[in-house]
Amino acid sequence: MFQPTANIFFFPFFLKDNSSIRVSRIGENHIAQGIGWKARLRAQGQYLVYSKWHIYMSWDSLFQVSGKITYNGREMDEFVPERIAAYVSQDDLHSGDMTVRETLAFSATCQGIGDRYDLLTELMRREKEANVTADDDIDVFMKESANGGRRDVVTNYVLQILGLQLCADTMVGNDMARGISGGQKKRGTIGEMLVGPAKVLLMDEISNGLDSSTAFQIVNHLRQLIQVLGGTAVISLLQPAPETYNLFDDVLLLSEGHVVYQGPREDVVEFFESLGFNRPHRKAIADFLLEVTSRKDQKQYWSGDCEPYEYFTVEQFSDAFEKSHARQIVKKVLEVPFDQNLTSIAALTTSKYGLRKRELFKTIFAREVLFMWRSPSHYIVNFAHIIVKAFIASSIFWHSNMRHDSVTDGGIYLGLLFFAVSETMFSSLGDLGAAVMKLPLFFKQRDVFYPAWAYTLSTWILKIPITFIGVTILVAMTYYAVGLDPNVGRLFKHYFLLIAVGQMSSSLFRLIAGVTRNMFVANIFSVFSMLFLLLLSGFIISRDNLNKFWMLGYWISPLMYAQNAISTTEFTAHRWSKILPGSTESLGTTVLKSRGLFFEEKWYWIGICALVGYIFLFNGLYTAAHAYFKSPGRTFSSVPRNAEDIKLEKLRNYAWSKRFHKKIVTDDSSSSLNNRRVTLPFVPLSLTFENIRYSVDMPKEKKAHGDMNDRLEILKGVSGSFRPGVLTALMGISGAGKTTLMDVLAGRKTGGYTEGTITVSGYPKKQETFSRVFGYCEQSDTHSQHLTVLESLLFSAWLRLPSEIDSIKRKMFVEDLIELLELTSLHGAHVGLAGVNGLSSEQRKRLTIAVELVANPSIIFMDEPTSGLDARAAAIVMRTIRNLVDTGKTVACTIHQPSIDIFETFDELLLLNRGGEEIYFGPLGNHSSELIKYFEEIEGVNRIKDGYNPATWMRNKDLIRDLSRPPSGSTDLHFDNRYSQPFFKQFLICLWKQNLAYWRNIHYTGGRYFITVMIALLFGTAFWNLGMKRTKRQDLFNSIGSMYVAVLMLGIQNASGIHPVVAMERVVFYKERAAGMYSALPYTFAQVAIELPYIFIQTLIYGVLVYAMIGFEWAVTKFFWYLFFMYFTLLYFTFFGMLSVGLAPDGSIAAIVSSGFYGLWNLFSGFLIPLHRIPIWTRWFYWICPVAWTLYGLGASQFGDVVDKMETGETVAEFLRSYYGFRHEYLGVAAVATMACAIAFAFVFGLSVKYINFQRR
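Worth saying up front: this structure is predicted, and the values here are computed from it rather than measured. (Residues numbered from 1 in each chain as written. Predicted model: local features only at pLDDT ≥ 70, side-chain atom pairs only at ≥ 80, totals over all residues. Heavy atoms only, no water.)

Chemist: Can you help me understand the overall build of the protein in this one?
Modeler: Counting secondary structure elements, the protein contains 46 helices and 20 strands. In the protein, buried positions account for 61% of the 1257 residues. Summed over its atoms, the accessible surface of the protein is roughly 48800 Å², and 58% of this surface lies on carbon and sulfur atoms. (Helix = DSSP H or I, 4+ residues; strand = E, 2+ residues; numbered from the N terminus. Buried < 20%, exposed > 50% of the residue type's maximum accessible area, 1.4 Å probe, protein only. Areas by Shrake-Rupley, 256 points an atom, 1.4 Å probe, with all protein chains shown as cover.)

Structural data, given as structure tokens:
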């Protein structure tokens, strides 16, 4: 039972997988009967306590939940718990295109004012009765916060409380775009919920990425908030400082799914002392609570002199708690049911949302307009590619070259109309990726901020003017230019039909995104949908030749209605009314009948009505999918015992024992390990920097708020040095520029303006050689998701360690680090995608550190290596770092909220203030005595309290000057090669990695083969036994059409399917290339090479099925040529997909650019308009069009040597030569050209990755 009271709780530990807890009391005098949870509290953006019967998250089917949860004695179905309790996730998920102020203001608007207005009314009534005059400032604040039309007061207040006022008008940013710091993002996540009216706050690891001072201020504010307003807060923290811990009222200690303790904070130490475990002096209570239940750390706290130590299990702790006085008090309270008459149901919100429906829609719509305004490049690129296609199409189909004299002329016009319809559909392909990428944020906010319909309706309405603009450009540039009927009425009918096609296709792609919720699966289904619509449109294969099996699909295909509608609009015009000799029907009717199309004018209205119906149907299903489907959620890697385990057990004989620095408390459990650590040689190096300044162009948002400076200075003349054997802490409040300083020193900044001097052992720093001796554990844990932990470490060691080190020693060194960082149990676990599957955030952090340490660098930067770790895991990491420093390495760490033990592990401190100003640089001293003495000598600084952490309380120019000069007799860093491994070996290692990744990427690899089989069966049944029919021209049109649509659709599927693979791996590539692992070309060549066998298998699957079902001539040479051209066609489409991502900043723009090229290739393929009808001034593009060479090769190889007579009297070969221009004797030229396209795309892809960097840091 959660009842709003002035109590705040601290969770020092979390549930483990497959564990359960039984919570009996959450607040003082509050009851919760029989709550049994079997899940993780850290659910991504969802609410664990918000469902009576199941966990409200996507993986609820994997876990069982029992028990009853009540608020004020009322069950969950009596009110809307999402409005009462706010869950703050540990994942900082925001829109990168909004500023911090806009993010919080949007949250405040959506959540509404709750009962603030009613409370204010009641307060004013009582003040009036008591004749009390309110404080002016408090009165203004309460009135403004309770006013539904003014929420900026609350937003500004929360910004001030969280220390976000300086970055309030800065974009949040993301992995590819510069934005606010990680700590500021975390504060923004907290602020999103604080601006709302929720009475219960459930906050998961809110201090990650925050400095101790900021964490203390936030928790202190929360304490005051719930004490004044009568709220309840349940907060989990990792490594809380003592002063932060002391702010809590109660402690709920969980271990392995059991409740170890629940009760007042003041009594928790006494409880454990009664069991024989004492807390040492200067040991933080929170750290003690975590370690006392750990098997490896428990012994050091045992104080039983009379009894020998034996491991005290978690079950024993739980049983002891059941017998404790605190538990007995709770049991007594549980016997008395909560009196619901003490509180009103009005205290629990019964309305689902904080605003009325109209206001919610206006808010969401305004945000989507803002997104569109902030990301104009997507729409600019889309309109640009429409302009290019329209210009080229008007050039090819120029009206002076178009005639209206024969059925053949009509066929050219039909091809033009089909091109207009298909390209309008292709223009909406970019909506697919954009819709998928927005889903994580949508699922976080759905049902909390707004309903699904408000979001889907807004996106639909905003897409309408985009469609109007695109179609207007296309029609304005092509309609009269190509010689379509000049009647204004037919022009507008043509125009509105294409608008309906654009809206239908956009709605379809958004629906696919909402149903699949995965980029790989969405690409597969989108291509299959396009293929289905195009194939059954009535143009590629006529209705008369279509297999009866597919007639139902023909009648439900939206493009069938579009093609018939646009065709009847044109061919029922007066210019097509002439009657050919020997015919009784008009030329227009004859053309339509020859292709199996309808010829009545009513089919325009049938088509437009059908398209409008599909628009509403698809958008309705799109809304339903967003309303009822759940987020893909989080899955966890299992760690099977396999051959890898056996190999590691053999190597474990070489494991080394942990050596501890004199400052660190030794772990007795490690003393029995053997002292056989593998050591690798390195050169100790120092790093000095003097007067470092870093600035960026002033953000437009800040200029809009009155800041007229040209640049925003982030670092202001910072100087310091990092020396061998000295562990330096880089500290400062969030936003002080700690990560920026490390990025500047590491050479990882891709933009901005840097000034100052950086030297390595007295010599000017050269980035080419520096990367060989440098390791950087970045704040973002970026890894290849399909590798295991062991494979990630082997990959890094293989590429970064010198080639002179043999494989046995390298593997032993890797095993040492796995043992040291306690990753042994996880070595076979897949890394996975952060926040979705695979390793937890804590495990990923340790992997990030290990990946850099296996490189054996001389200088190591670690950006918040303990963030996201509990106290015990943080201690393990810091022991490892301390051991490295003791060997003579140079290590600098940014650190947030270190415990006393961890903080005193450091030797020196570089302290930055907000704005990038240096406050202190020098030694810490024993028990931080030097630091304390320095600050206590400053006038106005109070003395530190006994037991407090100096890290929370808180220039040596001569040293910097000395280290900036090279020692006598020393030489500058020099390596024969920039990389540890030669070019070919880099390629082999990257190929090894790609092979593992492709084999395990079931969404991509398995999905590709699945869609290939489906397309093959679709083609085979649709074109059943049409391959040997050669008596009519339409028969050959059908056969060439099967090749045309197969090449285009299967190729587009390959190209679009590779987009997310390359885009997701590109972030990892930027990190690994910056680390000096490999150059760009070996990486890209490996990416290209791994596709060769997979595409070969794909070609065999498709080729055998389709060739047999369509019934092409069974000859060895013809079958070989068919497989040959299909193989290289799929290759160049796949490589083109890689290239488009290499040339675009994100997947959405890559999809738009790609669709533009698909349109051009479609236009110049030779199928819609044959070569001899293309104007001479644009015919050159036909000869460089890859699809044209593919169709040339396929058509010439299958029919170019056939001498069978057609009903027109000409042979098949003569018809191909006269209509399409295919000559059998040029088959070799077509083969060479097709291969050249694949090679060219692969090579340009390598160059694009090498020379273009879209990451902005």
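Chemist: When you look at the sheet that holds strand β19 (residues 908–913) in this model, what are you seeing that I'm missing?
Modeler: Each strand in a sheet pairs with another by means of backbone hydrogen bonds, the pair being arranged parallel or else antiparallel. On the basis of which strands lie adjacent, the open sheet formed by 6 strands has the order β16-β17-β18-β13-β19-β20 and mixed pairing. The open sheet is flanked by β16 (774–777) and β20 (917–923), the only strands paired with a single partner. Pairs of neighbouring strands in the sheet enclose a mean axial angle of 15°, with direction left out of account. Direction of pairing for β16 relative to strand β17 (residues 859–863): parallel, over a ladder of 4 bridges. Among the inter-strand pairings, Y776 is bridged to a residue of β17, identified as F861. Helix α27 (residues 738–746) rests against β13 (727–732), β16, β17, β18 (890–894) and β19 of the sheet, and its axis sits at about 150° to β17. (Pairing = 2+ DSSP bridges. Axes fitted to C-alpha atoms, helices over the stretch in contact; angles between N-to-C directions. Contact = heavy atoms within 4.5 Å.)

Chemist: What should I look at first to understand the pattern of salt bridges in this one?
Modeler: Oppositely charged side chains can pair when the atoms bearing their charge come close. Counted by the stated rule, this structure contains 32 salt bridges. A salt bridge links R1033 to E1210; the nearest nitrogen and oxygen atoms lie 3.4 Å apart. Of this pair, R1033 sits in helix α39 (residues 1033–1074) while E1210 sits in the loop between α44 (1186–1199) and α45 (1212–1220), and the two are 177 residues apart along the sequence. Among the residues examined, E1210 registers a relative accessible area of 17% and is labelled buried. In the salt-bridge network here, residues are joined through shared partners; they are R367, E368 and K438. (Salt bridge = Lys/Arg side-chain N within 4 Å of Asp/Glu carboxyl O.)

Chemist: When you look at the packing of aromatic side chains in this model, what are you seeing that I'm missing?
Modeler: The description of two aromatic rings rests on the distance between their centres and on the angle between their planes. Inspection of the entire model under this criterion finds 93 aromatic pairs. Ring geometry for F272 against F317: centres 5.5 Å apart, planes inclined by 65°, an arrangement best described as edge-to-face. Taken together, the residues F272 in helix α9 (residues 268–273) and F317 in helix α11 (residues 314–322) connect sequence positions 45 residues apart. F272 sits in the buried class, given a relative accessible area of 0%. Ring centres of F1019 and Y1102 lie 6.3 Å apart, and the angle between their planes is 80°; this geometry places the pair in the edge-to-face category. Of the two residues, F1019 is situated in helix α38 (residues 1002–1022) and Y1102 in helix α40 (residues 1080–1110); the sequence distance between them amounts to 83 residues. Residue classification places Y1102 among the buried positions, given a relative accessible area of 1%. Ring pairing ties together the aromatic residues Y261, F271, F272, F277, F288, Y301, W302, Y309, F312, F317 and F321, which thus form one cluster. Just above the ring of Y604 sits the side chain of K493; from NZ or CZ to the centre is 4.7 Å. (Phe/Tyr/Trp six-rings, centres within 6.5 Å; stacked < 30°, edge-to-face > 60°. Lys NZ or Arg CZ within 6 Å of the ring centre and 35° of its normal.)

Chemist: Just checking my understanding: could you explain the environment of N208 for this structure?
Modeler: Following the sequence through the fold, N208 ends up in the loop between β7 (200–204) and α7 (212–229). The exposure class assigned to N208 is buried, which follows from its relative accessible area of 14%. The spacing of N208 and Q90 is 118 residues in sequence and 7.8 Å in space, taken between C-alpha atoms. In contact with N208, not counting residues within four places along its chain, are Q90, K186, L238, G868 and Q897.

Chemist: How should I be thinking about the confidence of the model for the protein in this particular structure?
Modeler: In regions of low pLDDT, the predicted coordinates are not meant to be interpreted in detail. Of the residues in the protein, 84% have a pLDDT of 70 or more, and the chain-wide mean is 79. This model gives residues 1–62 a pLDDT under 50, and the stretch forms 239 contacts once residues within four places in sequence are excluded. Note on residues 949–955: pLDDT is under 50 here. Beyond four places in sequence and across chains, it has 34 contacts. (pLDDT = per-residue confidence, 0-100.)

Chemist: Even after reading the chapter, I still don't get the pairing of β7, so can you show me in this structure?
Modeler: Each regular strand shows side chains that alternate between the opposite faces of the sheet. Within β7, 5 of the 5 residues are buried, leaving the element largely enclosed by the surrounding structure. Here β7 shows no split at all, with V200, L202 and D204 on one side and L201 and M203 on the other all buried. As paired elements, strand β6 (residues 85–88) and β7 share 4 bridges and run parallel to each other. Bridge pairing links Y87 to L202 in β7.

Chemist: I tried to follow the packing of α39 against α40 on my own but got confused; where do I start?
Modeler: Two packed helices can be described by the angle between their axes and the distance between those axes. Contact geometry of α39 with α40 gives a least axis separation of 12 Å together with a crossing angle of 155°. By the angle between their directions, the pair α39 and α40 is classed as roughly antiparallel. For the crossing formed where α39 meets α40, the hand is right-handed. Touching S1042, A1046, L1050, Q1053, N1054, I1058, V1061, V1062, E1065, R1066, F1069 and R1073 of α39 are A1080, Y1083, Q1087, E1091, I1095, Q1098, Y1102 and I1110, all from α40. (Parallel < 35°, antiparallel > 145°, perpendicular 65-115°, else oblique. Left-handed = near helix turned anticlockwise from the far one by under 90°.)

Chemist: What is the right way to look at the nonpolar core in this model?
Modeler: In summary, soluble globular proteins display a tendency toward joint burial of nonpolar side chains. Counting 291 residues, the largest nonpolar core has F1019, Y1102 and F1133 as its most contacted members. With 18 residues, the top contributor of residues to this core is α39. The next biggest cluster of nonpolar side chains, apart from the first, holds 29 residues, and it includes I758, I859, F861 and F921. (Core = buried A, V, L, I, M, F, W, Y, C linked by side-chain atoms within 4.5 Å.)

Chemist: How should I be thinking about helix α2 (residues 100–111) in this particular structure?
Modeler: Side chains that are three or four residues apart share a direction in an α-helix, a result of its 3.6 residues per turn. In a regular helix each residue adds 1.5 Å, so 12 residues correspond to 16 Å; α2 covers 17 Å between its end C-alpha atoms and thus fits that length. Summarising burial for α2: 9 of the 12 residues are buried, a large majority. All buried positions along α2 are accounted for by V100, T103, L104, F106, S107, A108, T109, C110 and Q111. Contacts made by the buried residues of α2 are with α1 (81–84), α5 (152–161), α6 (182–194), α13 (357–374) and α17 (439–445). Downstream of α2 by one or two residues, G112 has phi in the positive range, about 75°. (Expected span 1.5 Å × (residues − 1).)

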